[in-house]
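Single-letter residue listing:
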Amino acid sequence: MDAPRAGERRPSTSALARRRARAGALFVAPNVVAVAVFLLFPLGYSLYLSFHSWDLFSPPRFIGLDNYRRLFGDDPLFYIALRNTAVFTVLTLVPTVVISLVVAALLNRKLAGIGVFRTIAFLPLVASTVAMAVVFRFIFATEDGLANLVLGRVGISAVPWLTDPDWALVSLSVVSVWKSVPFATVILLAAMQGVPENLYEAARIDGAGPVRRFCSITLPLIRGALSFVFVITIINTVQAFDQAYALTGGNGGPETGTYVLGIMLFQNAFRFYEIGYAAALAWIIFAILLLLTLIQLRLAGRSEVEL
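Scoring rules and cut-offs
- Throughout, a residue's number is its position along its own chain's written sequence, starting from 1.
- For a predicted model such as this one, the threshold for reporting local features is a pLDDT of at least 70, and the threshold for listing and counting side-chain atom pairs is 80 or more; totals across whole chains, interfaces and linings nevertheless cover every residue.
- Excluding hydrogens and water, the side-chain values take into account all heavy atoms of the structure.
- Secondary structure is summarised from DSSP: a helix means a run of H or I of at least four residues, a strand means a run of E of at least two, and numbering begins at the N terminus for each.
- By definition here, a helix of n residues has an expected span of 1.5 Å times n minus one.
- One fitted axis covers the seven residues ending at a residue, a second covers the seven starting there, and the bend at that residue is the angle between these axes.
- Convention adopted: a line fitted to C-alpha atoms gives each axis, helices being fitted over their contacting stretch, and angles between N-to-C directions are expressed from 0 to 180 degrees.
- When describing relative orientation, an angle under 35 degrees is termed roughly parallel and one over 145 degrees roughly antiparallel, while 65 to 115 degrees is termed roughly perpendicular and anything else oblique.
- Less than a right angle of anticlockwise turn of the near helix away from the far helix marks a crossing as left-handed, whereas a clockwise turn marks it as right-handed.
- We call two residues in contact when some of their heavy atoms are within 4.5 Å.
- Residues forming no salt bridge and having over 30% relative accessible area are the ones grouped into patches, like charges within 9 Å of each other and nonpolar side chains (Val, Leu, Ile, Met, Phe, Trp, Tyr) within 5 Å.
- Only the protein chains shown count as cover for residues, and all accessible areas are computed by the Shrake-Rupley method using a 1.4 Å probe.
- Any carboxyl oxygen of Asp or Glu that lies within 4 Å of a side-chain nitrogen of Lys or Arg is treated as forming a salt bridge with it.
- Residue burial is assigned from relative accessible area. The probe radius is 1.4 Å, only protein chains are included, and a residue is buried under 20% of its type maximum, exposed over 50%, and partly exposed in between.
- Under the scheme applied here, ten amino acids are nonpolar (Ala, Val, Leu, Ile, Met, Phe, Trp, Tyr, Cys and Pro), four are charged (Asp, Glu, Lys and Arg), and all others, including Gly, are polar.
- Contacts described as polar in this section are N or O atom pairs within 3.5 Å, which, within protein, must combine one atom able to donate a hydrogen with one able to accept it, while residues neighboring in sequence count only if both atoms come from side chains.

Peer 1: Could you clarify how one ought to interpret helix α7 (residues 165-193) in this entry?
Peer 2: Between its terminal C-alpha atoms α7 stretches 42 Å, which fits the 42 Å expected from 29 residues at 1.5 Å a residue. Within α7, the axis deviates most sharply at Ser-180, by approximately 30°, and proline Pro-182 lies no more than four positions further along.

Set out below in structure tokens:
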């Protein structure tokens, strides 16, 4: 930096700090405005609507906690959607975590051509959820679907994938697992590649086999990534809508087999035009997700302390 000329005063440290703070504020201002307009305002407005009755045409009418009372006391479909969502979450979460761990462990190797296998494993990640659900709708067709054709070749009778309420929820879980596994695998593979190799070498010298090394070294050191996969998978399943809509339609059928919270929210908002009721349901979903996330983070933090 050039020395100040005679008669010029060097800016003080506090002046430079204020100038840099103003420049930083100008840089982040567009993002702050975007967050306020597209995130904070819709959140606040949806909370406001949850205490009103509104059909999009007449002015909102304040009704207090009536929407929440109706949800918990007068709407049996809410408990059906809650039960289906809970079962769907378990049916999706467990296979996603197990399959992702296995695939990430297999891809975490230095073998010739391993990059090709990684690309193949990650392909479902770039596909549209709706497109995949439509493809699976043809695969799970009862009469001439690919799944039943394969089962028929091995002597197993046709499965009513999309016509039986229980099997429809299983089919929805299969589609969600197919979509969730690649993303979870990416996260877990990145965590596995960060595990120091010298730990594995020391374990090999001590005679530990592959399974013992995985359980005693890999799993404890990737618990943070594993916790993240748990949280993201739970959030995606509780918020599931597009795959359910494309696979079984917007009514949550057959019967109420795939009537999950996302379908219930869609129906009340855009079919029955009960916007306030749908907003109340959205905040209940938010509360459920927040509670589950806090519990998972608490358990993950406790596990790290024990380590």
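Peer 1: Please clarify how the packing of helix α5 (residues 129-139) against α7 should be interpreted in this entry.
Peer 2: How two helices pack is summed up by the angle between their axes together with the distance between the axes. The interhelical angle for the contact between α5 and α7, taken along N-to-C directions, is 135°, at an axis separation of 10 Å. As judged from the angle between their axes, α5 and α7 are oblique. Crossing hand, α5 versus α7: right-handed. Listed contacts from α7 to Thr-129, Met-132, Ala-133 and Phe-136 of α5 are Val-174, Val-175, Trp-178 and Lys-179.

Peer 1: For this particular structure, what's the right way to read a nonpolar patch on the surface?
Peer 2: A grouping of Val-116, Phe-117, Ile-120, Leu-123, Leu-125, Val-126, Phe-183, Val-186 and Phe-228 is seen on the molecular surface, where their side chains present a nonpolar patch of about 830 Å² in accessible area. Considering each element in turn, the nonpolar patch owes the most residues, three residues, to helix α4 (residues 114-122). For Phe-183, the position within the fold is in helix α7. Given the relative accessible area of 34%, Phe-183 is considered partly exposed.

Peer 1: Just checking my understanding: could you explain the pattern of salt bridges for this structure?
Peer 2: A side chain of one charge can pair with a side chain of the opposite charge if their charged atoms are brought near each other. Under the defined criterion, the tally for this structure stands at four salt bridges. Here Arg-204 ties to Glu-197 by a salt bridge, and the two come within 3.7 Å at their closest N and O atoms. Assessed through its relative accessible area of 45%, Glu-197 is described here as partly exposed. Linking Glu-201 and Arg-204 is a salt bridge whose minimum nitrogen-to-oxygen distance equals 3.0 Å. Highlighted residues: Glu-201 and Arg-204, both in helix α8 (residues 197-205), separated by three residues, approximately one helical turn.

Peer 1: Would you mind going over unusual backbone geometry with me for this structure?
Peer 2: Negative phi is the rule for most residues except glycine; trans is the rule for most peptide bonds. A cis amide bond links Gly-253 with the next residue in sequence, Pro-254, at an omega value of 0°. One can find Pro-254 in the loop between α11 (242-248) and α12 (261-270). With a phi angle near 55°, Glu-255 is a residue other than glycine that sits in the positive phi range. Locating Glu-255 in the fold gives a position in the loop between α11 and α12. Backbone geometry places Tyr-273, a non-glycine residue, at a positive phi of 55°. With respect to the secondary-structure elements, Tyr-273 resides in the loop between α12 and α13 (275-306). A relative accessible area of 36% places Tyr-273 in the partly exposed class.

Peer 1: What am I meant to see in the packing of helix α3 (residues 76-107) against helix α10 (residues 223-238) here?
Peer 2: Across the interface, α3 lies against α10 with an axial gap of 9 Å and an inter-helix angle of 145°. The two elements α3 and α10 cross, and the hand of that crossing is right-handed. For the pair α3 and α10, contact is made by Thr-85, Phe-88, Thr-89, Thr-92, Leu-93, Thr-96, Val-97 and Leu-101 and by Leu-226, Val-229, Phe-230, Thr-233, Ile-234, Thr-237 and Val-238, respectively. Partitioning the contact of α3 with α10 into residue classes produces nine nonpolar, six polar and no charged.

Peer 1: For this particular structure, what's the right way to read the side chain of His-52?
Peer 2: Locating His-52 in the fold gives a position in strand β1 (residues 52-53). His-52 gets classed as buried once you look at its relative accessible area, which sits at 6%. A polar contact of 2.7 Å, which involves the side chain of His-52, links it to the backbone oxygen of Tyr-48. Discounting chain neighbours no more than four positions away, the residues touching His-52 are Pro-60, Arg-61, Phe-62, Ile-63, Asn-67 and Gly-276.

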